[in-house]
Amino acid sequence: MATASAVGVVGGVATAATATVLAPLGKEVRNDETKWLVRDFMFMTVYLLLTIGAVVPLVLAFRRSTVYDRRWNIQKIFLSFIGVQTTLRFVYFLLSALRAGGWAEPNPVAVNVMGSLPALLFFSTFTMLTYVWASLSHFAGSSRNYVGLVVVVVNVVYYLTAGVTYTLLYVSGVPNKTLVEDVFAYLVGGYSIALAVAFVIYGYRLHYIFWNMRNLSARSGLRQGSVVTKVGWVTSVCLICFTFRGVCLFIYANDISQYFAVSITYFILSEQIPSVLMLYVYSAYPGTADSSAGNSDSNQGSYRTFSPRPSISYTTPTRTTVVGVYQAVDG
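Since this is a predicted model, take the numbers as computed values, not measurements.

Chemist: It is not clear to me how the overall build of the protein should be interpreted in this structure. Could you clarify?
Modeler: When its secondary structure is counted, the protein shows 8 helices and 3 strands. Secondary structure elements of the protein, listed N to C terminal, follow the sequence α-α-α-α-α-α-α-α-β-β-β. When each of the 331 residues of the protein is scored for burial, the buried share is 47%. Contacts spanning at least 24 positions in sequence make up 73% of the contacts within the protein whose residues lie at least 6 apart. Accessible surface computed for the protein: about 15600 Å², of which carbon and sulfur atoms make up 66%.

Chemist: Just checking my understanding: could you explain the nonpolar core for this structure?
Modeler: Taken as a class, soluble globular proteins show a tendency for nonpolar side chains to be buried jointly. If you look at the biggest cluster of nonpolar residues, it comprises 65 residues, and the most contacted ones within it are Phe126, Leu129, Trp133, Phe199, Val234 and Phe242. The biggest single contributor to this core is helix α4 (residues 108-137), with 12 residues.

Chemist: I keep staring at helix α3 (residues 74-100) and nothing clicks. Help me out?
Modeler: Because the α-helix completes a turn every 3.6 residues, residues three or four places apart line up on one side. Its 27 residues place the ends of α3 39 Å apart at the C-alpha level, agreeing with the 39 Å of an ideal helix rising 1.5 Å per residue. The backbone nitrogen of Gln75 lies 3.1 Å from a side-chain oxygen of the residue at the head of α3, namely Asn73. Where α3 terminates, the next one or two residues include Gly102, which has phi positive at roughly 75°.

Chemist: In this structure, what is going on with the side chain of Thr86? I would like to understand it.
Modeler: Locating Thr86 in the fold gives a position in helix α3. Sequence-distant contacts of Thr86, defined by excluding residues within four places in its chain, comprise Tyr47, Leu50 and Thr51.

Chemist: Please explain the packing of α4 against helix α8 (residues 260-282) as it appears in this structure.
Modeler: A pair of packed helices is characterised by two quantities: the angle between their axes and the separation of those axes. Relative orientation of the contacting elements α4 and α8 amounts to 45°, with a least axis distance of 12 Å. Relative to α8, the element α4 is oriented oblique. Note on packing geometry: the crossing formed by α4 with α8 is left-handed. The segment α4 lies against α8, with Phe122, Thr125, Phe126 and Leu129 engaging Ser270, Glu271, Pro274, Ser275, Met278 and Tyr282. Among the residues forming the contact of α4 with α8, the class breakdown is 6 nonpolar, 3 polar and 1 charged.

Definitions and limits used
- Residues numbered from 1 in each chain as written.
- Predicted model: local features only at pLDDT ≥ 70, side-chain atom pairs only at ≥ 80, totals over all residues.
- Heavy atoms only, no water.
- Helix = DSSP H or I, 4+ residues; strand = E, 2+ residues; numbered from the N terminus.
- Buried < 20%, exposed > 50% of the residue type's maximum accessible area, 1.4 Å probe, protein only.
- Contact = heavy atoms within 4.5 Å.
- Areas by Shrake-Rupley, 256 points an atom, 1.4 Å probe, with all protein chains shown as cover.
- Core = buried A, V, L, I, M, F, W, Y, C linked by side-chain atoms within 4.5 Å.
- Expected span 1.5 Å × (residues − 1).
- Polar contact = N/O pair within 3.5 Å; in protein donor to acceptor, adjacent residues only side chain to side chain.
- Axes fitted to C-alpha atoms, helices over the stretch in contact; angles between N-to-C directions.
- Parallel < 35°, antiparallel > 145°, perpendicular 65-115°, else oblique.
- Left-handed = near helix turned anticlockwise from the far one by under 90°.
- Nonpolar A, V, L, I, M, F, W, Y, C, P; charged D, E, K, R; others polar.

What is shown is where atoms sit, not what they do.
This is the structure in structure tokens:
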């Protein structure tokens, strides 16, 4: 199965990444800023490309949509979140490059805020993906509402924790600021591990549901297993990436940026690879729906995969269930 191969490939990457993470024993002394400047410019380039990769499909989605369909849907929201998150991360590394190159000395508060905001948006983006998958995994409306409530509560607690942390650091004047920063880093690490567990539960459950579908619509993108493959890949890779992110935060807390090799591995594996996967899943070229299909829903600004309102149906001994990529309801 595609999922098994995905786990094998990602497992090898995780082994190498873990060795890189556990190698340093102390903070690196930044005597030579050249390599840090190269790192910053490299990440600026990567995040700029990711921003372009999110903004271009978003603009095309709105331009190619009909008047009826020019509204926000899950696909457009995901692209917007990724675009904003990668833009903020680009600004963060720009500030870091200005400091490493000696061209300017950015405000430390601004640097910390620009370093934390992308992480907050990144977490919200993937908790929203977890909610979408959980909604697809449950056919009863009450289950979907329950999962949605949990996602909202988790995000509210996460943002409140960040707000309290920055209040303690920059407003109240707490003497032991390092302890506050470390506690917040440990909490974020715990959130990352919990997100990885949620991906395992709902991702593989959704993969199992799609895999066992037999009576599929001829117009459905699922007929060749494309969605099944993508769900398996995203689940496997994000499981490793978020677990790695949590482990790094537990080990290094807020000192990740002080380790050259670890910081490169951290941002590549815990942010850039999941973002690329999200763009791969949700950035299919707009306007490629099957024009010969008589269903108007499949031709209103939809995408080849994960269109706003595709649906397929199959019959069970007790009821007929309608499953759409963004909706799962009993029919």
